[in-house]
Amino acid sequence: MREVLMKKFKELFGGEGDIRAYFAPGRVNLIGEHTDYNGGHVFPCALTIGTYMIARRRTDRTLRFYSMNFEDKGVMTSSLDELYYDKAADWTNYPKGIMWTFNEKGLEVSNGVDMLLFGNIPNGSGLSSSASVELVTGVMLRDMFGYEKLSMIDLALYGQYSENKFNGVNCGIMDQFAIAMGKKDQAIFLDTSDLSYTYAPVKLDGARIVIACSNKKRGLGDSKYNERRSECEEALADIRKVKNIENLGQLTEEEFEAVKDAIRRPVCVRRAKHAVYENQRTVKAVTALKNNDIAQFGQLMNASHVSLRDDYEVTGIELDTLVEEAWQCDGVIGSRMTGAGFGGCTVSIVKTEAIDAFIEKVGAAYKEKIGYAADFYVVDIGDGAGILA
Ligand code: GLA
């Protein structure tokens, strides 16, 4: 991969100087959805697919971008004096947002850069292709501009800052954290209230992680993501009139049931219920995995989907079809939507010997009902972002 990209870079931008290569993975969340901006737990892992970047520092202030995923756009040119969100700048808003963030944090990006990117994460699939671009840019800037004092967690926070303040999506920290801190064959059990975390080996006992991509495109910018977030904030504000808590993640199921009448709007009761129960499910799921109780882990994944479908209302017919068909298949331990929802992907844990039949059956049922095909990926858990050797 590196060689192919290097060759293309040299063709486009010339072969002189110090050209370096970087990689940032995509991520899949196993359980703990829409909990990260509610001070709850998440349990994502980094994938081995992701975004590659080849880059070279320039002597002027010009930025040149080329994506092998959008070759029709050709080389896109900008400059360090144009670090503001611009719809026409399209995907380059992600790397530009990170440069802007470095400057905001007082770490000057003093020179322009030539960048070539290639990603093998399906775009807009809910596997965090945008956070992957943010982190690959972060590791590049850290390396090229001598900001080694920044930790990977700093870079994750920069990614989130840029997403929130530059790209206008009020996301939590899960995606950027998973991509920055991922470890091969491990998932990250992260408490988003204080960023404490532990790694948990994902031993699936003869099963593998299968991702089904609905191919229903969506961007979080135009989705109901920010609306869900404010509904949770409204519920929290109502609860705080009767109980002193910082976030919904602090409540057990029983505590929630005892205070839920304080929430005025019924829709906000349902949103908050999901946030509270999903957080508790995530804690239970990690315990189950540590006890090698994969069946229990799968049951909790299924319950997570039901809650996202009925209480949080972020699934839609595409994701529901993929998951409900998966539940009918032999060898499926658990299946749920993953990521923000509203399209994107599902994650299933499927016995290895049942995977072919699973893909065939769910694929056919999906095409029949939705009218276009889903794509399936049997994935591996990989390491977090860094320099490509
Ligand atoms: C998106 C956001 C994350 C998280 C998930 C839902 O992926 O970027 O911060 O909120 O949705 O769990």
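Reading guide: rules and limits
Residues numbered from 1 in each chain as written. Predicted model: local features only at pLDDT ≥ 70, side-chain atom pairs only at ≥ 80, totals over all residues. Heavy atoms only, no water. Salt bridge = Lys/Arg side-chain N within 4 Å of Asp/Glu carboxyl O. Helix = DSSP H or I, 4+ residues; strand = E, 2+ residues; numbered from the N terminus. Buried < 20%, exposed > 50% of the residue type's maximum accessible area, 1.4 Å probe, protein only. Near = heavy atom within 4 Å. Polar contact = N/O pair within 3.5 Å; in protein donor to acceptor, adjacent residues only side chain to side chain. Areas by Shrake-Rupley, 256 points an atom, 1.4 Å probe, with all protein chains shown as cover. Nonpolar A, V, L, I, M, F, W, Y, C, P; charged D, E, K, R; others polar. Expected span 1.5 Å × (residues − 1). Contact = heavy atoms within 4.5 Å. Core = buried A, V, L, I, M, F, W, Y, C linked by side-chain atoms within 4.5 Å.

## Observations regarding the pattern of salt bridges
Here's step 1: Under the criterion given, the structure shown has 31 salt bridges.
Here's step 2: Asp-114 serves as the salt-bridge partner of Arg-58, at 2.9 Å between the closest nitrogen and oxygen. You can see Arg-58 sitting in the loop between strand S3 (44-57) and strand S4 (62-67) and its partner Asp-114 sitting in strand S6 (residues 113-119), a full 56 residues away along the chain. An identical accessibility class is assigned to Arg-58 and Asp-114; each is buried.

## Re the site of the ligand
Here's step 1: Residues in close proximity to the ligand include Arg-27, Glu-33, His-34, Asp-36, Tyr-37, Cys-171, Gly-172, Met-174, Asp-175, Tyr-225, Gly-339 and Ala-340, which together make up its full environment.
Here's step 2: Here an oxygen atom of the ligand and a side-chain polar atom of Arg-27 are 3.0 Å apart.
Here's step 3: Here His-34 contributes a backbone N or O atom positioned 2.7 Å from an oxygen atom of the ligand.
Here's step 4: Here the ligand loses 97% of its free accessible area of 310 Å² to cover by the protein chains.
Here's step 5: For the shell around the ligand, the residue count by class is five nonpolar, three polar and four charged.

## Here's the deal with helix H6 (residues 225-239)
Here's step 1: Here H6 contains 15 residues, and its C-alpha end-to-end distance of 22 Å stays within 8% of the 21 Å for a straight helix at 1.5 Å per residue.
Here's step 2: Those residues of H6 that fall on the buried side of the exposure criterion are Tyr-225, Arg-228, Arg-229, Glu-231, Cys-232, Ala-235, Leu-236, Asp-238 and Ile-239.

## A word on the environment of Thr-321
Here's step 1: Here Thr-321 is to be found in helix H10 (residues 317-328).
Here's step 2: Linking Thr-321 and Gly-39, residues 282 residues apart in sequence, is a C-alpha distance of 30 Å.
Here's step 3: When sequence neighbours within four positions are dropped, the list of residues in contact with Thr-321 reads Tyr-366, Lys-369 and Ile-370.

## Concerning the nonpolar core
Here's step 1: In terms of nonpolar packing, the biggest core is built from 45 residues, with Ala-55, Met-99, Phe-102, Met-115, Met-140 and Leu-141 touching the most fellow members.
Here's step 2: Sort the elements by how many residues they give to this core and helix H3 (residues 129-144) lands first, with eight residues.
Here's step 3: Ignoring any residue separated from it by four or fewer positions in sequence, one finds Phe-102 in contact with Leu-107, Val-109, Gly-138, Leu-141, Arg-142, Tyr-147, Leu-150, Leu-155 and Tyr-158.
Here's step 4: In this structure, Ala-200, Ile-211, Val-286 and Phe-297 belong to the second largest nonpolar core, which totals 31 residues.

These figures come from the coordinates and say nothing about function on their own.
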